[in-house]
2 protein chains.
Amino acid sequence: MGPDSPARTPEPPYYAVIFTSVRTLVDDAEYARTAEQMVDLARLQPGFLGVESAREASGLGITVSYWTTLDAIAAWKAQADHLAAQRLGRERWYGSYELRVARVERAYGFQRPGP
Amino acid sequence: MGPDSPARTPEPPYYAVIFTSVRTLVDDAEYARTAEQMVDLARLQPGFLGVESAREASGLGITVSYWTTLDAIAAWKAQADHLAAQRLGRERWYGSYELRVARVERAYGFQRPGP
């Protein structure tokens with residue numbers, strides 16, 4: 001559902017929302033469609049910086065989205081279509097999840113030298 | 001490589017290391033063995049709180065480890081076997097990665113009610 005590389009984020013500080021979830025076994029197509037829509041919608045929100053997402057075949061998934069401020073995160077949490085998706089998540093798609101809001105204080109990267 | 005559920009962490013504040021990586025196509029068995037060893041070793045470190053990990057078939061993976069303090073993170077980064085694994089990571093296993101150190105300020109969870 002996300003891109004296939006680490007998000008390109010600016011110099012810290014900025015904020016991360018770490019969303020770790022376990023999927024139920026139901027409703028794969030609708031879940032995938034909604035997850036994709038939510039990523040597209042998040043990209044349009046003020047203060048959005050990037051997103052990374054991965055899920056194991058076992059069902060454990062991690063999505064990390066990056067934001068300029070806590071206010072931007074609060075606005076995204078309260079966005080109407082996102083609220084509806086959150087409700088479906090609790091009703092159908094997730095066995096459990098944990099959501100953590102964190103302030104990124106330091107970051108560095110590595111890029112393999114070209115061939 | 002991690003457990004199949006979100007990490008059980010204490011009340012914030014605490015720290016998260018968000019490690020987002022793209023695997024090369026080489027050396028799958030040794031990579032998997034080393035990754036497992038590193039998780040086992042991290043669990044023994046002072047200040048370790050938990051770890052979550054997921055990787056897409058496409059190669060993008062996210063591992064988030066949780067720690068009590070920045071000092072605990074620094075000590076783990078400098079642990080000898082971990083340093084050797086980091087070097088192999090850059091030499092062989094990762095096409096790119098991004099590592100972010102963040103202070104978790106807020107957290108909440110959801111657990112599906114039993115059947």
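Refer to the preceding data block for the structure.
Residues numbered from 1 in each chain as written. Chains lettered and ligands numbered in written order. Predicted model: local features only at pLDDT ≥ 70, side-chain atom pairs only at ≥ 80, totals over all residues. Heavy atoms only, no water.

Enquirer: I'd love a proper account of the packing of aromatic side chains, names of residues and values included.
Expert: Considering all chains together, one arrives at 18 aromatic pairs over all chains under this definition. Clustering of aromatic rings is evident, with ring pairs tying together A:F19, A:Y31, A:W93, A:Y94, A:Y97 and B:F110. Sitting over the ring of A:Y31, A:R23 keeps its end group 4.0 Å from the ring centre. (Phe/Tyr/Trp six-rings, centres within 6.5 Å; stacked < 30°, edge-to-face > 60°. Lys NZ or Arg CZ within 6 Å of the ring centre and 35° of its normal.)

Enquirer: Run through the packing of helix α1 (residues 28–44) of chain B against helix α3 (residues 80–93) of chain B, naming residues and quoting values.
Expert: Residue and element names in this part refer to chain B. The N-to-C vectors of α1 and α3 enclose an angle of 150 degrees; their axes lie 11 Å apart at closest approach. When the interaxial angle is binned, α1 and α3 end up roughly antiparallel. For the crossing formed where α1 meets α3, the hand is left-handed. Residues E30, Y31, T34, M38 and L41 of α1 pack against D81, H82, A85, R92 and W93 of α3. Here the residues of the contact of α1 with α3 sort into 5 nonpolar, 2 polar and 3 charged. (Axes fitted to C-alpha atoms, helices over the stretch in contact; angles between N-to-C directions. Helix = DSSP H or I, 4+ residues; strand = E, 2+ residues; numbered from the N terminus. Parallel < 35°, antiparallel > 145°, perpendicular 65-115°, else oblique. Left-handed = near helix turned anticlockwise from the far one by under 90°. Contact = heavy atoms within 4.5 Å. Nonpolar A, V, L, I, M, F, W, Y, C, P; charged D, E, K, R; others polar.)

Enquirer: Give a description of the environment of A:P6 that names residues and reports values.
Expert: With respect to the secondary-structure elements, A:P6 resides in the segment before β1 (14–23). On the basis of relative accessible area, A:P6 is assigned to the buried category, the value being 13%. Spatially, the C-alpha atoms of A:P6 and A:S53 are 9.2 Å apart, while their sequence positions differ by 47 residues. Every residue in contact with A:P6, bar those within four places of it in the chain, is listed here: A:E52, B:T20, B:V22, B:L60, B:S96, B:Y97 and B:E98. (Buried < 20%, exposed > 50% of the residue type's maximum accessible area, 1.4 Å probe, protein only.)

Enquirer: Lay out the pattern of salt bridges in plain terms, naming residues and giving numbers.
Expert: When the charged atoms of two side chains with opposite charge come close together, those side chains can pair. Across all of its chains, the model carries 8 salt bridges over all chains by this definition. For B:R100, the salt bridge goes to A:E52, with nearest N and O atoms at 3.0 Å. Of this pair, B:R100 sits in strand β4 (residues 94–111) while A:E52 sits in strand β2 (residues 48–55), which puts the two residues in different chains. The same class applies to B:R100 as to A:E52, namely buried. (Salt bridge = Lys/Arg side-chain N within 4 Å of Asp/Glu carboxyl O.)

Enquirer: Provide a residue-level description of the environment of A:V64, including the pertinent values.
Expert: Summarising the element assignment, A:V64 is placed in strand β3 (residues 60–67). With a relative accessible area of 0%, A:V64 lands in the buried category. With residues up to four places along the chain from it excluded, the contact list for A:V64 reads A:A16, A:V17, A:I18, A:G50, A:V51, A:E52, B:I18 and B:I62.

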